[in-house]
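# Examination of the molecular architecture
One letter stands for each residue in the lines below.
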There are 2 protein chains.
Amino acid sequence: MARGNHWCAVIHLKEDNARFLLLILFLLIYMLLGAIMFSRIEFEKEQEERDEYNTTYYGFLKKHGDNINITELDELLKAHALASSKGLLVSKRPRWDFTGAFYFVGTVVSTIGFGMTSPSTILGKAMLIVYGLPGCSACILFFNIFLERLITFLALIMKKFHERKLRRQRDQNGLKLPNNGRRPSEQSDDDLENWKPSVYWVLLYLTIGAVTIASCASAVYSTVEGWNFYDSFYFCFVAFSTIGFGDLVPSQMSDYDTQFLYRLGNFCFLTAGVCCIYSFYNVISIVIKQFLNWCLRKLDCKCCHRRKPRPRRNAITPGHLQRQLHSSQEEKRTENGTTAPKTNAVEVTEFDSETDGAGRRMSGEMISMKDFLQSNKVSLAVMQKQLYETRRNHGGGAVPSPLGQGVGSLAMLNNKLQETEGRE
Amino acid sequence: MARGNHWCAVIHLKEDNARFLLLILFLLIYMLLGAIMFSRIEFEKEQEERDEYNTTYYGFLKKHGDNINITELDELLKAHALASSKGLLVSKRPRWDFTGAFYFVGTVVSTIGFGMTSPSTILGKAMLIVYGLPGCSACILFFNIFLERLITFLALIMKKFHERKLRRQRDQNGLKLPNNGRRPSEQSDDDLENWKPSVYWVLLYLTIGAVTIASCASAVYSTVEGWNFYDSFYFCFVAFSTIGFGDLVPSQMSDYDTQFLYRLGNFCFLTAGVCCIYSFYNVISIVIKQFLNWCLRKLDCKCCHRRKPRPRRNAITPGHLQRQLHSSQEEKRTENGTTAPKTNAVEVTEFDSETDGAGRRMSGEMISMKDFLQSNKVSLAVMQKQLYETRRNHGGGAVPSPLGQGVGSLAMLNNKLQETEGRE
């Protein structure tokens, strides 16, 4: 019981804080596991490479050690390593001509930061800070607006397909009246108005997009740079995620066959790739957030059913709300003339009955992944409906700018991606 | 006139697209200017460093060239540069022991990617892609939730101070009735309820926070790593922005005095810094977005007053809306019993009169930066009010989770940072 109470205390933190702590916990565990995994994978190779280098170095010394000054050799080696890391060798392109500097600036504002070029003067370093602050901010805004435009575009296309599907269904049904007694055309118009694309479909399309861009880019890089396709693909992931290790950097040799075209292509690939992966990450992070909510609900279930069968409080339907809604639903229907609150009340109740209204889930049994996915959809639906009704309620009126509708990565997606209960 | 028409065509794209294009244009110009600037600053230094290295190299050859095989020397140099870039030299810490791998994993999920360590096996590269996708997404979510928590916390503190200020004002005013005839206590309660912190104050606090963290971190790095303070500060900017060039990377030597403590401190500094700068960038990007809106309005002004004095369409009050609001404001007041639409209508009208309702601005005269800042505040206020009223309108009821209130970087900030018209 003591353990159960402990859990309760943790969960009954303010919901937001609990979710934040849970995420930190998961992230730390994920990083620890990752560290163990990569350590196992790479440890041996590191030893091999170190041995290899030592063999080369001591072999050289053994052969020529008597003739040369070892201190001077070490100095040369050091100078060479520095020059190599700064790309000063003759085979490399100039760092700070205009195109080189443009490439550098691009890696700064996008926060890729390959590091194949970095400022070495004091003024350069100071200017980087001054220049980077607005640059990176503008670029974050660019990614966010791109994300918003992309999702809008995807939603438009998917809606068109959905429309066609509905029309085909209507044609097949002919003049048969459906269960609810409404005419098919009315029903499908209603469906269409409320329809929003699913987050999972958008995820699929983004995956296809990202893989396509990465494949095309890899094909180009492996041809022009002479990397193997596999390395090129790895590079694409590292660059598009804005990690930018800098172990592989394209467009660094001093001469290419079609120099201008290749540099332009490189710029386009990087821009498209970063935008696409940024959108991809933001969509995944919605799913992760829903997973966290699901975990919180589950933890809540586990500890609370032992105490008393009270209405469950969770991220999607806080307790005080649930009680209020159950008792005042009919009341609201009559007292409020507008459609919005009524619809919301019905929705939330529907959702309740889906996850815990039946009372069985509260007894602590396992909630399946299917339920999670289902509740994910429905909780998104509740939010969407609310946002949607808001806009309609105010007569489409005082929505001041698209900023208010949520351009920011997550919230914008919430606005755009949810399916309403109209489809159920 | 042809030029004017051209501008109009550009601006009367869908508002969102116009803003996106404008941002791309600005970003390209900014990058071009940056490229020119950095090229000028760094070009000479590059030549110097190249010459310096060549002097060292050819000096060594001149002295020892007769005794050694130059091909073998070049191979050694190459091997050394590679080993140095991979950190395989004896003076460096092991790459892939557990702590090294943990450091590596941290630079992956945060997308800093210094590149002091990167996988070299095929399996390692493949696993990086598999591991990085959920890791980076979770980290983006972490940053977003941190941002939301931080702003909530700042808002709470600032509200407390505002409350104290109001109370002091009330005490000073004594029993005097203010202009609008309401009692002071009523008025200040109202003010307090509607009060939200200004985006500029939050920006100030974030700046202070970021500079403090960077200064503390720089002090530690310059002591332990032996970098000068200036370089340490530059490193902090590069790391906290997740650019991560990798020209300076802390905690790379094989031995430190207080190793565990330093590594822990390094981890904490990087986490706090990245979170803080991420929040900082997102707040700046709101201001940039408002600047873009202001530019669009201004372009709109310039081309449209030549044609006919029609109500201006802009990001904050689209034309169709404006007309509708002006004509139906009184109507709304009576037909709709709830407070929300009424308040919104009043607000938008207020805002209109501030920027173009008076008709003077439409004649194309310059809008000053002060006006921009002012309108920035007010437009945020309009949005905030709307979001706020939404929540109240639905009885605090169907808000399903904080996700719906906008966790995503920008939208969340819109929700939290706006000042309402109550303060004017």
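Numbering of residues begins from 1 in every chain and follows the order in which that chain's sequence is written. Note on labels: chains are lettered from A, ligands numbered from 1, in written order. Residues qualify for local features only when their pLDDT is at least 70, as the model is predicted, and side-chain atom pairs are given and counted only at 80 or more; totals for whole chains, interfaces and linings, by contrast, use all residues. Only hydrogens and water are removed before side-chain values are computed, so all heavy atoms of the structure are retained for them.

### Description of the overall build of chain A
A run of DSSP states H or I qualifies as a helix once it reaches four residues; a run of E qualifies as a strand once it reaches two. Both are numbered from the N-terminal end. Within chain A one finds 13 helices and zero strands. For chain A, the α and β elements follow one another from N to C terminus as α-α-α-α-α-α-α-α-α-α-α-α-α. With 424 residues in all, chain A has 55% of them scored as buried. Only the protein chains shown count as cover for residues, and the accessible areas themselves come from Shrake-Rupley with a 1.4 Å probe. For chain A, the accessible area works out to roughly 19200 Å², and carbon and sulfur atoms hold 61% of it. Burial classification: accessible surface area is computed with a 1.4 Å probe over protein chains only, and a residue below 20% of its type maximum counts as buried, one above 50% as exposed, and the rest as partly exposed.

### Topic: the domain arrangement of chain A
All names here are of chain A. Where each domain starts and ends follows an automatic or database-derived domain assignment. Domain annotation of chain A identifies domain 1 (8–53) and domain 2 (69–174 + 193–299). For domain 1 versus domain 2, the distance between C-alpha centres works out to 24 Å. Throughout, a residue-residue contact means that at least one pair of heavy atoms, one from each residue, lies within 4.5 Å. Counting residues at the interface gives eight residues for domain 1 and eight residues for domain 2. Summed over both partners, the interface of domain 1 with domain 2 comes to about 750 Å²; 81% of that surface belongs to carbon and sulfur atoms. Put simply, a salt bridge is a Lys or Arg side-chain nitrogen that is within 4 Å of an Asp or Glu carboxyl oxygen. Where domain 1 packs against domain 2, one counts zero salt bridges. Any pair of nitrogen or oxygen atoms within 3.5 Å is treated as a polar contact; in protein, a donor-acceptor pairing is required on top of that, and neighbouring residues in sequence qualify only through side-chain atoms on both sides. The interface formed by domain 1 and domain 2 includes one residue pair in polar contact (both at pLDDT 80 or more). Take the side of domain 1 that touches domain 2: its biggest share by element is seven residues, from helix H2 (residues 15–64). Looking at side-chain class alone, the side of domain 1 that touches domain 2 contains six nonpolar, no polar and two charged residues. What counts as buried area is the accessible surface, traced by a 1.4 Å probe, that two parts surrender upon association, with contributions from both included. Ten residue types, Ala, Val, Leu, Ile, Met, Phe, Trp, Tyr, Cys and Pro, are classed as nonpolar, four, Asp, Glu, Lys and Arg, as charged, and the remainder, Gly among them, as polar.

### Remarks on the packing of aromatic side chains
Note on ring pairs: Phe, Tyr and Trp rings are taken, using the six-membered ring of Trp, and paired if centres are within 6.5 Å. Classes follow the plane angle, with under 30 degrees stacked, over 60 edge-to-face and the rest tilted. Applying the stated criterion to the full structure yields 47 aromatic pairs over all chains. With 5.3 Å between their ring centres and 75° between their planes, A:Phe104 and B:Phe38 make a pair best called edge-to-face. Residue A:Phe104 is located in helix H4 (residues 98–109), and its partner B:Phe38 is located in helix H2 (residues 15–64); the two belong to separate chains. The class of B:Phe38 is buried, set by a relative accessible area of 0%. Aromatic side chains A:Phe142 and B:Phe20 sit 5.5 Å apart centroid to centroid with 15° between the ring planes, which places their arrangement in the stacked category.

### Here we look at the packing of H2(A) against helix H5 (residues 122–173) of chain B
Where H2(A) meets H5(B), the axes come as close as 10 Å, and the angle between the chain directions of the two elements is 160°. By the angle class used here, H2(A) and H5(B) are roughly antiparallel. Where H2(A) crosses over H5(B), the handedness of that crossing is left-handed. Per-class residue counts for the contact of H2(A) with H5(B) are 21 nonpolar, four polar and five charged. Fitting a line to C-alpha atoms yields each axis, with helices limited to the stretch in contact; the angle taken between N-to-C directions then spans 0 to 180 degrees. Throughout this description, any angle smaller than 35 degrees is read as roughly parallel, any larger than 145 degrees as roughly antiparallel, any in the 65 to 115 degree range as roughly perpendicular, and the remainder as oblique. The handedness criterion is simple: a crossing whose near helix is rotated anticlockwise from the far helix by less than a right angle is left-handed, and one whose near helix is rotated clockwise is right-handed.

### Regarding the environment of B:Cys136
Relative to the helices and strands, B:Cys136 resides in helix H5. Spatially, the C-alpha atoms of B:Cys136 and B:Val109 are 4.4 Å apart, while their sequence positions differ by 27 residues. Ignoring sequence-local partners within four residues, the contact set of B:Cys136 consists of A:Ile243, A:Tyr281, B:Val108, B:Val109 and B:Thr111.

### Observations regarding the pattern of salt bridges
Tallying each qualifying case throughout the model produces 16 salt bridges over all chains. One salt bridge connects A:Arg149 with A:Glu148, and the closest N-O pair in it is separated by 3.0 Å. On the basis of relative accessible area, A:Arg149 is assigned to the buried category, the value being 12%. Here A:Glu148 falls in the buried class, since its relative accessible area comes to 7%. One network of salt bridges, with partners in common, ties together A:Asp16, A:Arg19, B:Glu148 and B:Arg149.

### Digging into helix H4 (residues 98–109) of chain B
Residue and element names in this part refer to chain B. How far a helix is expected to stretch is found by multiplying one less than its residue total by 1.5 Å. Here H4 spans 16 Å end to end across twelve residues, near enough to the 16 Å set by a 1.5 Å rise per residue. Taking burial as the measure, the twelve residues of H4 include ten buried ones, the bulk of the element. All of the buried residues in H4 are Gly100, Ala101, Phe102, Tyr103, Phe104, Val105, Gly106, Thr107, Val108 and Val109.

### Re the packing of H2(B) against helix H3 (residues 70–85) of chain B
Residues and elements named next belong to chain B. Between H2 and H3, the least distance of the axes is 12 Å, while the angle of their chain directions is 140°. Compared by their axis directions, H2 and H3 come out oblique. Note on packing geometry: the crossing formed by H2 with H3 is right-handed. The residues of H3 that touch H2, namely those facing Tyr53, Tyr57, Phe60 and Leu61, are Ile70, Leu73, Asp74 and Leu77. For the contact of H2 with H3, a count of residues per class yields seven nonpolar, no polar and one charged.

### A look at the state of the cysteines
What counts as a disulfide here is a pair of cysteine sulfur atoms lying within 2.5 Å. All told, the structure shown has zero disulfides over all chains when counted by the stated rule. Residue A:Cys236 stays outside any disulfide, its sulfur separated by 9.6 Å from that of A:Cys216, the closest cysteine. The exposure class assigned to A:Cys236 is buried, which follows from its relative accessible area of 0%. Just so you know, B:Cys136 is unpaired, no disulfide at all, and the nearest cysteine sulfur is the one on B:Cys139, 7.3 Å from it.

### Some words on the environment of A:Tyr262
All names here are of chain A. Inspection of the secondary structure puts Tyr262 in helix H9 (residues 259–304). Distance in space between the C-alpha atoms of Tyr262 and Glu225 is 10 Å, their sequence separation being 37 residues. Setting aside its immediate chain neighbours within four residues, Tyr262 contacts Val220, Tyr221, Val224, Glu225, Pro250, Ser251 and Tyr256.

### Points about the side chain of B:Asp16
The topology assignment puts B:Asp16 in helix H2. Judged by its relative accessible area of 11%, B:Asp16 is buried. Among the polar contacts made by the side chain of B:Asp16, one reaches the side chain of A:Arg149 at a distance of 2.9 Å.

### Brief notes about unusual backbone geometry
Residues and elements named next belong to chain B. One non-glycine residue, Thr111, lies in the positive phi region at around 60°. The residue Thr111 is located in the loop between H4 and H5 in this model. You will see that Ser251, though not glycine, has its phi angle at about 60°, which is positive. Topologically, Ser251 is positioned in the loop between helix H8 (229–240) and helix H9 (259–304).

### Topic: a nonpolar patch on the surface
Here a patch means residues that are over 30% exposed by relative accessible area and free of salt bridges, tied together within 9 Å if like-charged and within 5 Å if nonpolar (Val, Leu, Ile, Met, Phe, Trp, Tyr). Side chains of A:Leu25, A:Phe26, A:Ile29, A:Leu32, A:Leu33, A:Ile36 and B:Phe98 sit close together on the surface and give an oily, nonpolar patch of about 600 Å² of accessible area. Looking at which element gives the most residues to the nonpolar patch, the answer is H2(A), with six residues.

### Comments concerning H8(B)
Residue and element names in this part refer to chain B. For H8, with twelve residues, the first-to-last C-alpha span of 16 Å sits near the 16 Å given by 1.5 Å per residue. Among the twelve residues that make up H8, nine are buried, leaving the element largely enclosed by the rest of the structure. Taken together, the buried positions of H8 are occupied by Asp231, Ser232, Tyr234, Phe235, Cys236, Phe237, Val238, Ala239 and Phe240. Put simply, Asn228 is the residue that caps the front of H8, since its side-chain oxygen is 3.0 Å from the backbone nitrogen of Tyr230. Once H8 finishes, Thr242 follows within two positions and takes phi at roughly 60°, a positive value.

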